[in-house]
Number of protein chains: 2
Amino acid sequence: MRSITIIGTGNMARALGTLALAGGNTVEVMGRDHTKSADLAKALGGGATAGEWGAVPAGDLVIVALLSDGVVPAVTHYGDALAGKVIVDISNPFNATSDGLAHREVTSIAREVAKVAPAGASVVKGFNTVFRHVLENGRPDIFIAGDNAQAKAGVEAFVRSLGMRPLDAGGLEMAHWLEGAGVLTMGLARHGVGGWDFALGVTELPAA
Amino acid sequence: MRSITIIGTGNMARALGTLALAGGNTVEVMGRDHTKSADLAKALGGGATAGEWGAVPAGDLVIVALLSDGVVPAVTHYGDALAGKVIVDISNPFNATSDGLAHREVTSIAREVAKVAPAGASVVKGFNTVFRHVLENGRPDIFIAGDNAQAKAGVEAFVRSLGMRPLDAGGLEMAHWLEGAGVLTMGLARHGVGGWDFALGVTELPAA
């Protein structure tokens, strides 16, 4: 059992909160609008609580479930309240047509979050390659990346509690390519798979 | 049955040549060193032929199986000999540590090939996310990208002749993210999967 705080009150916050509770974790939700967080906590049930925007999160794992534009500002706003926390960035900084990234540099939202995160906080990228309804209805592979092994181990344990397989892609520099895998997933949905009911994953060779 | 020309005489040329013949296609190989192409054609058997470096390829589908540094120079050298051909770029332009791309711009080898390809030639990116021995021993998903629908349909038919599933990721701009998926695959091999016996692929949700 892990203690999870979700920053955000949208569809992805709801999906992850539901899954986290089903996986036996505790859940706190924090929204800029406290009414929305309180409503979401109530809807989630299972002892979910609503925290104050900007306060120290109850959870050790803090999932930032905001649109990509909002992630760095939120982490900046929280500041030292996130000291010692594992910050999980799940965002997809798509360009306007969702066929590329909004930034043209080799960076990532996760990397930019790490720049503004307080001392002792670690950043892990994850969950961004999966459409919400696939997360809700499937058991997709969850790709993660980050520089802190202990932080990644915590996220991996959380992913396993959801009945899903965590796949470590490497250090935080790999978050750029995970964001690219989000772009690729959009491209596949529009062209190669012809639908949204799939996830990128890993298929192992049958044992020889 | 399609007619395939493979430019290159290395391990990937051999693997693709073997698979192409097994899939009922005709195969021509072209190497800078004609002795090597003749040897490879002989080793492949199945009526495989060796063409002259820089001559008009016999195949409609021309797979450039060279190290990434050599792809653009080779296509430039071939020039008008490739007019009307479908050029398949399978390269991975990794940086020195294989945890990023050699270029930092949002481009791809496929995009650079398209810039030097002659009129009427089309470029399709594909096969770059798959380790050679997985291609030889598995049935991995083959991601492709390109701007010409007819060219992609030809590559898709070729992929199916190998018993594999082609997955169209979109236009040539997506080749950048396929090259990134190559980087991601390296990262997963080193960290998350702990081995080389896997491929990136797509898992569909069970039907509701």
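For the structure itself, consult the block above.
This is a predicted model, so every value here is computed, not measured. (Residues numbered from 1 in each chain as written. Chains lettered and ligands numbered in written order. Predicted model: local features only at pLDDT ≥ 70, side-chain atom pairs only at ≥ 80, totals over all residues. Heavy atoms only, no water.)

### Comments concerning the overall build of chain A
Okay, step 1: If you tally the helices and strands in chain A, you get seven helices and nine strands.
Okay, step 2: Taken over C-alpha atoms, the radius of gyration comes to 16 Å for chain A, in line with the 17 Å a tight globule of 208 residues would show.
Okay, step 3: Along the first, second and third principal axes, the C-alpha atoms of chain A reach 45 × 35 × 35 Å.
Okay, step 4: Taking contacts inside chain A between residues at least 6 apart in sequence as the whole, the part at least 24 apart equals 66%.
Okay, step 5: If the 16 positive side-chain charges of chain A are averaged to one point and the 20 negative ones to another, these points end up 3 Å apart. (Helix = DSSP H or I, 4+ residues; strand = E, 2+ residues; numbered from the N terminus. Rg over C-alpha atoms; globule rule 2.2 N^0.38 Å. Contact = heavy atoms within 4.5 Å. Lys, Arg positive; Asp, Glu negative; His and termini not counted. Charge placed at Lys NZ, Arg CZ, Asp CG, Glu CD.)

### Brief notes about the side chain of Ser68 of chain A
All names here are of chain A.
Okay, step 1: Mapping Ser68 onto the fold places it in helix H3 (residues 68-78).
Okay, step 2: Ser68 gets classed as buried once you look at its relative accessible area, which sits at 15%.
Okay, step 3: Residues within four places of Ser68 in sequence aside, it is in contact with Ser91, Asn92, Pro93 and Ile109. (Buried < 20%, exposed > 50% of the residue type's maximum accessible area, 1.4 Å probe, protein only.)

### A word on the packing of helix H1 (residues 11-22) of chain A against helix H2 (residues 34-44) of chain A
All names here are of chain A.
Okay, step 1: At their nearest, the axes of H1 and H2 sit 10 Å apart, and the two run at 40 degrees to each other. Here H1 and H2 pass one another in a crossing that is right-handed. Contact residues: H1 offers Ala13, Arg14, Gly17, Thr18 and Leu21, while H2 offers Leu40, Ala43 and Leu44.
Okay, step 2: When its residues are assigned to classes, the contact of H1 with H2 shows five nonpolar, two polar and one charged. (Axes fitted to C-alpha atoms, helices over the stretch in contact; angles between N-to-C directions. Left-handed = near helix turned anticlockwise from the far one by under 90°. Nonpolar A, V, L, I, M, F, W, Y, C, P; charged D, E, K, R; others polar.)

### Regarding the packing of helix H3 (residues 68-78) of chain B against helix H4 (residues 109-116) of chain B
Residues and elements named next belong to chain B.
Okay, step 1: Here H3 crosses H4 at 15 degrees, and the two axes come no closer than 9 Å. Considered as vectors, H3 and H4 are oriented roughly parallel to each other. Between H3 and H4 lies a crossing of right-handed hand. Along the contact surface, H3 presents Ser68, Val71, Val72, Val75 and Thr76, while H4 presents Ile109, Glu112, Val113 and Val116.
Okay, step 2: By residue class, the composition of the contact of H3 with H4 is six nonpolar, two polar and one charged. (Parallel < 35°, antiparallel > 145°, perpendicular 65-115°, else oblique.)

### Let's talk about the sheet that holds strand S3 (residues 49-51) of chain A
Residues and elements named next belong to chain A.
Okay, step 1: Spatial strand order, S3-S2-S1-S4-S5-S6-S7-S8: eight strands in an open sheet with mixed pairing. The strands lining the two open edges of the sheet, one partner per strand, are S3 and strand S8 (165-168). Direction aside, the axes of adjacent strands within the sheet are offset by 30 degrees on average.
Okay, step 2: Here three bridges tie strand S6 (residues 122-126) to strand S7 (residues 141-146), and the two strands are oriented antiparallel to one another. Looking at the pairing, Lys125 lines up with Ala145 of S7.
Okay, step 3: Contacting strand S5 (86-89) and S6, helix H4 (residues 109-116) runs over the sheet at an angle of about 165 degrees to S6. (Pairing = 2+ DSSP bridges.)

### Focus: helix H1 (residues 11-22) of chain B
Residues and elements named next belong to chain B.
Okay, step 1: For H1, with 12 residues, the first-to-last C-alpha span of 17 Å sits near the 16 Å given by 1.5 Å per residue.
Okay, step 2: Every buried residue of H1 is listed here: Met12, Ala13, Ala15, Leu16, Gly17, Leu19, Ala20 and Leu21.
Okay, step 3: Note on H1: the residue one or two positions beyond its end, Gly24, has a positive phi of about 90 degrees. (Expected span 1.5 Å × (residues − 1).)

### A look at the relation of the copies chain A and chain B
For the pair of chain copies, the relating operation is a rotation around an axis with a shift along it.
Okay, step 1: Each copy of the sequence occupies a distinct position, and chain A is placed on chain B by a rotation of 180 degrees and an axial shift of 0.0 Å, giving an RMSD of 0.0 Å. The superposition operator between the copies reduces to a two-fold rotation axis. Taking the C-alpha atom as reference, chain A places Gly201 of chain A closest to the rotation axis, 2.7 Å from it.
Okay, step 2: Of the residues that chain A buries at the interface, 100% are likewise interface residues in chain B, meaning the two copies contact each other through the same surface. (Least-squares fit on C-alpha atoms with pLDDT ≥ 70 in both.)

### Quick word on the pattern of salt bridges
Okay, step 1: Going through the model one piece at a time under the given rule, you end up with 14 salt bridges over all chains.
Okay, step 2: For Lys152 of chain A, the salt bridge goes to Asp168 of chain A, with nearest N and O atoms at 3.0 Å. Taken together, the residues Lys152 of chain A in helix H6 (residues 149-161) and Asp168 of chain A in strand S8 connect sequence positions 16 residues apart.
Okay, step 3: Taking the relative accessible area as the measure of exposure, Asp168 of chain A reaches 11% and is therefore buried.
Okay, step 4: Note that Glu136 of chain B is salt-bridged to Arg132 of chain B, the shortest N-O span being 3.4 Å. In this pair, Glu136 of chain B and Arg132 of chain B are both assigned in helix H5 (residues 132-137), four residues apart and thus about one turn of the helix distant. (Salt bridge = Lys/Arg side-chain N within 4 Å of Asp/Glu carboxyl O.)

### Here we look at the interface of chain A and chain B
Okay, step 1: The interface is formed by 37 residues belonging to chain A together with 37 residues belonging to chain B.
Okay, step 2: A combined buried area of about 3,100 Å² lies between chain A and chain B, and 70% of that area is made up of carbon and sulfur atoms.
Okay, step 3: In terms of surface lost to chain B, no three residues of chain A exceed Trp177, Leu184 and Leu205 of chain A, which account for 23% of the buried area on that side.
Okay, step 4: Our count for the chain A to chain B interface comes out at zero salt bridges.
Okay, step 5: Taken together, the connections running from chain A to chain B amount to seven residue pairs in polar contact (both at pLDDT 80 or more).
Okay, step 6: Of all the elements in the fold, those that place two or more residues in the side of chain A that touches chain B are helix H5 (132-137), S8, helix H7 (175-192) and strand S9 (198-204) of chain A.
Okay, step 7: With 11 residues, H7 of chain A is the single largest residue contributor to the side of chain A that touches chain B.
Okay, step 8: For the side of chain A that touches chain B, a count of residues per class yields 19 nonpolar, 12 polar and six charged. (Buried area = accessible area lost by both parts, 1.4 Å probe. Polar contact = N/O pair within 3.5 Å; in protein donor to acceptor, adjacent residues only side chain to side chain.)

### Regarding the packing of aromatic side chains
Okay, step 1: All told, the structure shown has nine aromatic pairs over all chains when counted by the stated rule.
Okay, step 2: Here the aromatic residues Phe131, Trp196 and Phe198 of chain A are joined through ring pairs into a cluster of three or more. (Phe/Tyr/Trp six-rings, centres within 6.5 Å; stacked < 30°, edge-to-face > 60°.)

### Here's the deal with unusual backbone geometry
All names here are of chain B.
Okay, step 1: The phi dihedral of Ser98 falls on the positive side, at around 55 degrees, and the residue is not glycine.
Okay, step 2: If you trace the backbone, Ser98 turns up in the loop between strand S5 (86-89) and H4.
Okay, step 3: Its relative accessible area of 15% is what places Ser98 among the buried residues.
Okay, step 4: The phi torsion at Phe127 lies on the positive side, around 70 degrees, for a residue other than glycine.

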